[in-house]
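Residue-level structural notes
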Amino acid sequence: MKIEVLEKDETNIRLAIRGADVTLMNALRRIGLAEVPSMAIDEVVMIENSSILQDEMISHRLGLTPLKTDLDSYNLPEECKCQSEFGCNLCRVTLTMDAESTEGTRTVYSGELVSENPEIIPVSDKVPIIKLAKGQKLKLEAYARLGKGKNHAKWQPVSVCAYKYYPKIEVPTEECGECSKCVDICPKKVYTMKENKVEVRDLLACNLCMDCVEACPQKPPAIKVEWEKDAFIMNIESTGVLPPERIIQEATKMLDKQLKEFKKQVKAEAK
Ligand SMILES: [Zn+2]
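Rules behind the numbers
- Residues numbered from 1 in each chain as written.
- Predicted model: local features only at pLDDT ≥ 70, side-chain atom pairs only at ≥ 80, totals over all residues.
- Heavy atoms only, no water.
- Donors = N, O, S within 2.8 Å, 3.2 Å for Na, K, Ca; no water.
- Tetrahedral: all angles 85-135°; square planar, octahedral: opposite > 155°, others 65-115°.
- Helix = DSSP H or I, 4+ residues; strand = E, 2+ residues; numbered from the N terminus.
- Buried < 20%, exposed > 50% of the residue type's maximum accessible area, 1.4 Å probe, protein only.
- 1 Å grid on protein atoms, 1.4 Å probe; cavity = no way out; pocket = protein on both sides within 12 Å on 5 of 7 lines; lining within 4 Å.
- Points joined across faces, edges and corners; volume = space filled by probe spheres on them.
- Nonpolar A, V, L, I, M, F, W, Y, C, P; charged D, E, K, R; others polar.
- Pairing = 2+ DSSP bridges.
- Axes fitted to C-alpha atoms, helices over the stretch in contact; angles between N-to-C directions.
- Contact = heavy atoms within 4.5 Å.

**What to know about the coordination of the zinc ion**
- Distances from the zinc ion to its protein donors, Cys80 (SG), Cys82 (SG), Cys88 (SG) and Cys91 (SG), fall within 2.2 to 2.3 Å.
- Given four donor atoms and angles of 104 to 113 degrees at the metal, the environment of the zinc ion is assigned as tetrahedral.
- Coordination of the zinc ion draws on donor residues from a single chain, spaced C-x1-C-x5-C-x2-C in sequence. Highlighted residues: Cys80 in the loop between helix H2 (55–63) and strand S4 (93–100) and Cys91 in the loop between H2 and S4, separated in sequence by eleven residues. Across the pair, Cys91 and Cys80 agree in class, each one buried.

Printed below as a string of structure tokens:
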């Protein structure tokens, strides 16, 4: 297998993967979505809420606020040694909020959550939680823990985790009528006209929609759009809780763990 990093920044990674198959790609995609843990608020104790939103609504908003995650220092509560309903400092982080509006209406943002661990804080401090009118108060204690996307979407570390086949496009110059219909119709702007010839400008943008093939007035169409059977482009966009490369690394580790467990069980059964 050959992997090439096409693009990478703080929240995004785009990989070209060669020598893989759909089953592996789909397993990694699903594990990335549903199994790689991240931190999220799971329980809220309301001390004072004189706002117009119910406790449940505020808790829900807090739960969906992405929190920076530290997978090396924290355990999943179900795997933690403490086995306590309330958690311990290896499986739970306490955050507090004490907000009040003394004059006029104001918006309370996620940045007002104070965490006991300065590493576990909201990814963005600009997530609006609630609006408070003059004299209204919101005081609460929130408990965050690691969890998995398969149990609740708030624990999903990714906003995008998808793959597509690696496109293969041919535009034979002798058959092309040079009408530029394919250039105009392509929603991803894959083609360009250069000296009256159709050229592929951005091959990787192609999502194999086949609009260009259908738009080609030649019979049969001059453009040939295909895909490589064992090459893929994978796109991972993190919500900011973990670096995107860490998410794919964790996904491969988890797949490995699941397969080992499977092998062990088969062996035990076969005895
Ligand atoms: Zn614990």
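Further notes follow.
**Things to note about empty space enclosed by the protein**
- Throughout the structure, instances matching the rule amount to two cavities of 30 Å³ or more.
- As a volume, the largest cavity reaches approximately 80 Å³.
- In terms of lining residues, the largest cavity is bounded by 13 residues, among which Cys186, Val190, Cys206, Cys209 and Cys212 are the most central.
- Counted by class, the lining of the largest cavity contains eleven nonpolar, one polar and one charged residues.
- Estimated volume of the second largest cavity: approximately 60 Å³.

**Brief notes about the sheet that holds strand S12 (residues 224–238)**
- Across the sheet, four strands lie side by side as S1-S2-S12-S9; this open sheet has antiparallel pairing. For this open sheet the edge positions go to strand S1 (2–8) and strand S9 (158–170), each flanked by a neighbour on one side alone. Each adjacent strand pair in this sheet contributes to an overall mean axis angle of 25 degrees, direction not counted.
- Note that strand S2 (residues 12–18) and S12 share seven bridges and pair antiparallel. Pairing of Ala16 across the sheet is with Ile233, part of S12.
- Against the sheet, helix H1 (residues 22–34) touches S2, S9 and S12, its axis set at about 155 degrees to S9.

Remember that the coordinates give geometry; whether it matters functionally is a separate question.
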